[in-house]
Amino acid sequence: MSTERVPLEAIDHLEYFVGNAFQAAHFYRTMFGFNIVAHSGLTTGRRGQSSYLVEQGKVRFLLTSALSPDCPVARHCALHGDGVHSVAFRVNNVEETINAVKANGATVVKPLTTWQDSFGELHFAAIKTYGDTVHTFIDRSDYKGVFAPKYELVESPKTESAGLLAVDHVVGNVELGAMGHWADYYARVLGFTQLAHFTDKDISTEYTALMSKVMQSDNGVIKFPINEPAEGRKKSQIDEYLDFYRGPGVQHVAMTTGDIIATVKRLRASGIEFLYVPDAYYDELVSRIGKIDEDLAELKKWGVLVDRDDDGYLLQIFTKPVEDRPTLFYEIIQRKGSRGFGVGNFKALFVSIEEEQRRRGTL
Ligand code: FE2
């Protein structure tokens, strides 16, 4: 366990390193219903990188691309394709936080840094986690400007929201044998506790398997499942990810909605593709999960999955990868009491993912 307490308030934002932030911002706007709210780049006095901040509810994605080939962002994209580089946490004192995580054994990749302009000071620092992924700590209490110094507001026409409210969890894929190490890391460095442990008995099909440990912050706000591949007859989706991402990284980001049917309608209308759910899944659904508020025919029509545990139930759906490489995808989740992750759906999902892998020739 960690020796120094590390109070994290919430996820501040996720930063993606992408090939073309300008175009990526429009993808998230058109396809997912985010508003483009801020920009930083050549016109704001930043020379090496260009970033767009997109926002929906409390979800904030910072999309960053390189302006020259020797920029670390360019190297990240060449190696991994577009992907999540940083999961940033809001804290109330960056100096105390970075000292605490250092004492707990973290590798610091960005020491305490302060950016300032006429709107105040923004303090941040970062540590390494799996692969080339980092965690940034940000203190916004002394800053009153737009997102950060050298950012300006973007006057973009408002788009139709998809009703996404907040980041529910962020899932990492790591190599075979590394899951325990990273679960321990979150416990030791950030004081996270283990919420759940799924073995290959929970998550396997005839062909493939994976294992997962879910770590969460002590305030319960931040949840990070960590997956590793398990021995199967064929290559698992985790192995496929590790091959194409060239190492560990963020596999999916789950976002909450208050009305999953409305959200899925909006996303499908804009062209988002979801994993296929066989009709047979719905035949046995009622006997598995009992009575729910939603109309089963509607759920089936839109391909929404349901799972129940002692606390209640949840509705969820998974997109296909949103990259050319079969790496990052999204989950949309509506919680109705359940604090779980849909373990009852893992098998149906896996069969569906294997079908996609077969189409890609990677199974
Ligand atoms: Fe998930």
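Owing to the predicted nature of the structure, the values given are computational and were not obtained by experimental measurement.

## Concerning the coordination of the iron ion
For step 1, the next point in the chain: Taken together, His169 (NE2), His252 (NE2) and Glu331 (OE) make up the protein donors of the iron ion, found 2.0 to 2.2 Å from the metal.
For step 2, the next point in the chain: Donor residues for the iron ion, ordered by position in the chain, follow H-x82-H-x78-E. Linking His252 in strand S14 (residues 249-257) with Glu331 in strand S17 (residues 329-336), this pair joins segments that are 79 residues apart in sequence. You'll find His252 and Glu331 in the same group, each marked buried.

## A closer look at the sheet that holds strand S5 (residues 83-90)
For step 1, the next point in the chain: Strand order across the open sheet formed by nine strands is S6-S7-S8-S5-S1-S4-S3-S2-S9, with mixed pairing between neighbours. Both outer strands of the open sheet, strand S6 (108-117) and strand S9 (152-153), are each paired with one neighbouring strand and no more.
For step 2, the next point in the chain: Direction of pairing for S5 relative to strand S8 (residues 134-139): parallel, over a ladder of five bridges. Its bridge partner being in S8, Val87 is matched across the sheet by His135.
For step 3, the next point in the chain: Docked against the sheet, helix H2 (residues 72-80) engages strand S1 (10-17), strand S3 (49-56), strand S4 (59-66) and S5, running at close to 100° with respect to S4.
For step 4, the next point in the chain: Against the sheet, helix H3 (residues 94-103) makes contact with S6, strand S7 (120-128) and S8, and its axis sits at roughly 10° relative to S7, the strand it touches most.

## Re the domain arrangement of the protein chain
For step 1, the next point in the chain: If you check the domain split of the protein chain, you get domain 1 (10-153) and domain 2 (164-360).
For step 2, the next point in the chain: Domain 1 and domain 2 are separated by 25 Å when their C-alpha centres are compared.
For step 3, the next point in the chain: In this complex, domain 1 contributes 41 residues to the contact, which on the side of domain 2 involves 36 residues.
For step 4, the next point in the chain: It is Met31, Phe32 and Tyr130 that lose the most area in domain 1 upon contact with domain 2, and together they represent 24% of the buried surface on that side.
For step 5, the next point in the chain: Only S1, helix H1 (21-32), S4, H2, S5, S7 and S8 provide two or more residues apiece to the side of domain 1 that touches domain 2.

## Remarks on unusual backbone geometry
For step 1, the next point in the chain: Even without being glycine, Phe147 reaches a positive phi, approximately 55°.
For step 2, the next point in the chain: Mapped onto the elements of the fold, Phe147 is located in the loop between S8 and S9.
For step 3, the next point in the chain: Backbone geometry at Lys150 places phi at a positive 70°, although glycine is not the residue there.
For step 4, the next point in the chain: Counting through the fold element by element, Lys150 comes out in the loop between S8 and S9.
For step 5, the next point in the chain: Residue classification places Lys150 among the partly exposed positions, given a relative accessible area of 44%.

## Topic: the environment of Leu63
For step 1, the next point in the chain: Along the chain, the position of Leu63 falls in strand S4.
For step 2, the next point in the chain: Separated by 21 residues in the primary sequence, Leu63 and Val84 have C-alpha atoms spaced 9.1 Å apart.
For step 3, the next point in the chain: Apart from the residues within four sequence positions on either side, Leu63 is in contact with Tyr16, Val18, Ala21, Ala24, Ala25, Tyr28, Ser50, Ser51, Tyr52 and Val54.

## Quick word on the pairing of S1
For step 1, the next point in the chain: With respect to burial, S1 is a largely interior element, eight of its eight residues being buried.
For step 2, the next point in the chain: Taken together, the seven bridges between S1 and S5 define a ladder with antiparallel strand orientation. Bridge pairing links Ile11 to Phe89 in S5.
For step 3, the next point in the chain: Looking at chain direction, S1 and S4 are connected through four bridges and run parallel. Bridge pairing in S4 links Leu14 to Phe61.

About the cut-offs
- Residues numbered from 1 in each chain as written.
- Predicted model: local features only at pLDDT ≥ 70, side-chain atom pairs only at ≥ 80, totals over all residues.
- Heavy atoms only, no water.
- Donors = N, O, S within 2.8 Å, 3.2 Å for Na, K, Ca; no water.
- Helix = DSSP H or I, 4+ residues; strand = E, 2+ residues; numbered from the N terminus.
- Buried < 20%, exposed > 50% of the residue type's maximum accessible area, 1.4 Å probe, protein only.
- Pairing = 2+ DSSP bridges.
- Contact = heavy atoms within 4.5 Å.
- Axes fitted to C-alpha atoms, helices over the stretch in contact; angles between N-to-C directions.
- Domains from an automatic or database assignment.
- Buried area = accessible area lost by both parts, 1.4 Å probe.

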